[in-house]
Amino acid sequence: MKKKLRIYLPFASNELKRQMAYKGAFYLFIFISLFGSFIQYFLWMAIYGSAENSVLGGLTREEMVVYIFMVYVTGSVVMISISDWVSDDVVKGTVAMNLIKPIDYRMSLISRAMGQVVYRFLVPGVFIWIGLEIYKVTVLGLSVTGVTNVLLYLASCIMSFFIYVLFDFCFGMVAFFTTYIFGMLMAKEALLSFLTGQLIPLSFFPEVVQKVFDYLPFSSMVYTPVMIYLGKYSDAQLCFVLARQAAWVVILYVLGSLIWKQVTKRLVVLGG
Amino acid sequence: MKLREEKIVIEVSHITKEFVSPKKYPGLKGAIKGLFSNEKVSKKAVDDISFTIEAGEIVGYIGSNGAGKSTTIKMMTGILNPTEGRCMVNGINPCKQRKENARNIGVVFGQRTQLWWDLPLSESFTILKEIYDVSDEDYKERMVFLNNVLELQDFFDRPVRTLSLGQRMRADLGAALLHNPKVLYLDEPTIGLDLVVKDNIRKAIKEINEKYQTTVILTTHDIGDIEELCSRIIIIDQGKKIYDGSLEALKDTYGTKRKVSMEVKKPEKVEHLNLAERLGVTAQECSMEVDKEQKVLTVTFDKHKLQVPQIMNAVMELTEVQDVKIQETELAEIVKQIYNHGFTGQEA
Ligand SMILES: Nc1ncnc2c1ncn2[C@@H]1O[C@H](COP(=O)(O)OP(=O)(O)OP(=O)(O)O)[C@@H](O)[C@H]1O
Ligand SMILES: [Mg+2]
């Protein structure tokens, strides 16, 4: 265990350093995505303003504000797209560089992703979170989120991270078969923002669709931790969603291992 | 003298790699046709190759462009699965036990780096130290050695992306050797390097081989690499092994031609001389060229059939010879011949 840490820790710290080196691009990314959140904010406020009910999809107007920004914070910290790196490695043939070393490719990718998580948590994450809490108390007149909820939220986020990267690893494996997945990466982004509840809270979908979502890993990625943060679950529900998250971590881990085995069997390293 | 224990390190048996790719048709119409057709073209990049390599050998693996060298190296390093056959490296099947195999090998792909592009070289080395579990003492000792032969200290703190090609290649070689691998694969390690750096790299490879008994397999298009480093060469052509043996044997069998150039006083006098007939051999065994402007007469002959003095005598009967130069056929010539005509001779 300690040895594993020693091997993979450098991958995380390198990624962190790399992020800092390219911080210009990163600030632009924050600006653009945060801009999207504000558009969402104004849209929803207009919807609530013209709606007859004060509660839509189980969320009050104030809760919706928290939802929009917590989804942003959670998504930006948890959803680290490692399939981008995989496709890069495949196209440039640098995957060979990883394969000729006695390291686990998936572990090295996940470690790299963790480095990015730390950075994203520190740079926009915490500040927006604190800002949101202040706004909540001073403007919206809600009370500060309780410690239990925050801790449960963080625990859920950790599992969300693993669900996302493990899923994304499986997705990235497609690159080995088609060698070019840029278009699919775009489609994935769009589809996920929908399926994870980043665009619209999942509670807005019809009953049937929600049932389907229950059997997919996507709701466990962002929606679950944010709803925990909002305190929307009863104790029994809480246990269930956390257990479901844990189950997805295991399932996707095993699935990824199986796919990786197949991939290395018919792996083609380009170039040379 | 110590007796070296002869031990087989690499065993490649009947290895074949077939690439199957969808058939492509030209033009836009072709592209659409390609969408609906299920036709495949397959190409045997490596075709039933077998050989064994013993500990401490430096083997040159050569062949023309697209012959299948890199493909073979990839299979031996475990990053490409053979279609048929298998190879064993140190008793490990590299494709089945990729990670175990990776501990024993060092690889340099000349065209790409295995270092972390954005990091200073020193950090790449620190990471590699952890990955390969190199102890502090070993690390220190190895670094002293590598600094000595590769002079890494000049750019040790610079990010890899800022290194020149030659510096990067030295860094890559150093990185491949940090964990003292038993087997070192070098795929075109001297590609694009200047003469001095080339020389340094060759020296480094030699020293490492001597000091640690590292087995080295190297592909190259540079004849100099082969002449200086390899005791044994394997030549492949279109995926098939066509020669496997020592360098001397290759030269002996296929470098039978010799060249003698004479500067003569009156070239017009020898212009019409039929040397082959005069010496009683066939035209293939002895041919002649006259350069009137430079006043040089060049005779190419079979060294098993004729001697230089015989030719000199025949020429001197007609005109005065002022200067003589004798050349053995170079390895480059032999290799060129082989690439051009394939190989008809038996394996040595
Ligand atoms: N992924 C692939 N799909 C289809 N064909 C391939 C693939 N990789 C290699 N080939 C073909 O296999 C043959 C051998 O390629 P390889 O890279 O081993 O050549 P090489 O001997 O290393 O040549 P060079 O000296 O140019 O590096 C080539 O004809 C190449 O086009
Ligand atoms: Mg090659």
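Our subject is the structure that appears above.
These numbers were taken from a predicted model, which means no experiment stands behind them.

### Focus on the sheet that holds strand β8 (residues 232–237) of chain B
Residue and element names in this part refer to chain B.
Inference 1: Taken in spatial order, the six strands of this open sheet run β5-β6-β7-β3-β8-β9, and their pairing is mixed. Every other strand in the sheet has two partners, leaving β5 (105–109) and β9 (240–246) as the edge strands with one partner each. Strand-to-strand twist across the sheet, computed as the mean angle between neighbouring axes with direction ignored, equals 15°.
Inference 2: Across four bridges, strand β3 (residues 58–62) lies against strand β7 (residues 215–219) in parallel orientation. Looking across to β7, one finds that I58 is bridged to V216.
Inference 3: Contacts from helix α6 (residues 165–177) reach β5 and β6 (183–187) within the one sheet, and its direction differs from that of β5 by about 165°.

### Some remarks on helix α3 (residues 61–78) of chain A
Inference 1: Across its 18 residues, α3 of chain A extends 25 Å between first and last C-alpha, which sits within 8% of the 26 Å expected from 1.5 Å per residue.
Inference 2: Judged by how many residues are buried, α3 of chain A sits mostly within the fold: 16 of 18 residues are covered.

### Side note on the interface of chain B and chain A
Many authors give the size of an interface as the accessible area that is lost as the parts come together.
Inference 1: Contacts between chain B and chain A engage 30 residues on the former and 28 residues on the latter.
Inference 2: For the pair chain B and chain A, the two sides together bury roughly 2,600 Å², of which 56% comes from carbon and sulfur.
Inference 3: For the chain B face of the interface with chain A, the top three residues by lost area are I79, R98 and R112 of chain B, together amounting to 22%.
Inference 4: Seen at the junction of chain B and chain A, the total is three salt bridges.
Inference 5: One salt bridge in this structure joins K17 of chain A and E123 of chain B, with 2.8 Å as the shortest N-O distance.
Inference 6: Counting every contact that joins chain B to chain A gives six residue pairs in polar contact (both at pLDDT 80 or more).
Inference 7: Elements with a minimum of two residues in the side of chain B that touches chain A: α2 (69–77), α3 (98–104), β5 and α4 (121–131) of chain B.
Inference 8: Among the elements that make up the side of chain B that touches chain A, the one with the highest residue count is α4 of chain B (five residues).

### Considering the site of ligand 1
All names here are of chain B.
Inference 1: Every one of the 14 residues lining ligand 1 counts as a neighbour, but K43, K69, S70, T71 and H221 are closest to it.
Inference 2: Take G68: an N or O atom from its main chain is 2.8 Å from an oxygen atom of ligand 1.
Inference 3: Within the side chain of S70, a nitrogen or oxygen atom sits 2.6 Å from an oxygen atom of ligand 1.
Inference 4: Out of a free accessible area of 640 Å², ligand 1 has 73% covered by protein chains.

### Quick word on a positive patch on the surface
Inference 1: Positive charge collects at one region of the surface, where K261 and K265 of chain A together with R86 and K96 of chain B lie side by side.
Inference 2: Take K265 of chain A: it is sitting in helix α12 (residues 235–265).

### Re the pairing of β7 of chain B
Residue and element names in this part refer to chain B.
Inference 1: Counting buried positions along β7 yields five of five residues, so the element is predominantly enclosed.
Inference 2: With burial as the criterion, each face of β7 is covered, one bearing T215, I217 and T219 and the other bearing V216 and L218.
Inference 3: Pairing between β6 and β7: five bridges, direction parallel. Pairing of D187 across the sheet is with T219, part of β7.

Thresholds applied
Residues numbered from 1 in each chain as written. Chains lettered and ligands numbered in written order. Predicted model: local features only at pLDDT ≥ 70, side-chain atom pairs only at ≥ 80, totals over all residues. Heavy atoms only, no water. Pairing = 2+ DSSP bridges. Helix = DSSP H or I, 4+ residues; strand = E, 2+ residues; numbered from the N terminus. Axes fitted to C-alpha atoms, helices over the stretch in contact; angles between N-to-C directions. Contact = heavy atoms within 4.5 Å. Expected span 1.5 Å × (residues − 1). Buried < 20%, exposed > 50% of the residue type's maximum accessible area, 1.4 Å probe, protein only. Buried area = accessible area lost by both parts, 1.4 Å probe. Salt bridge = Lys/Arg side-chain N within 4 Å of Asp/Glu carboxyl O. Polar contact = N/O pair within 3.5 Å; in protein donor to acceptor, adjacent residues only side chain to side chain. Near = heavy atom within 4 Å. Areas by Shrake-Rupley, 256 points an atom, 1.4 Å probe, with all protein chains shown as cover. Patch = residues over 30% accessible without salt bridge, like charges linked within 9 Å, V, L, I, M, F, W, Y side chains within 5 Å. Lys, Arg positive; Asp, Glu negative; His and termini not counted. Charge placed at Lys NZ, Arg CZ, Asp CG, Glu CD.

All quantities given are derived from atomic positions and should not be read as evidence of function.
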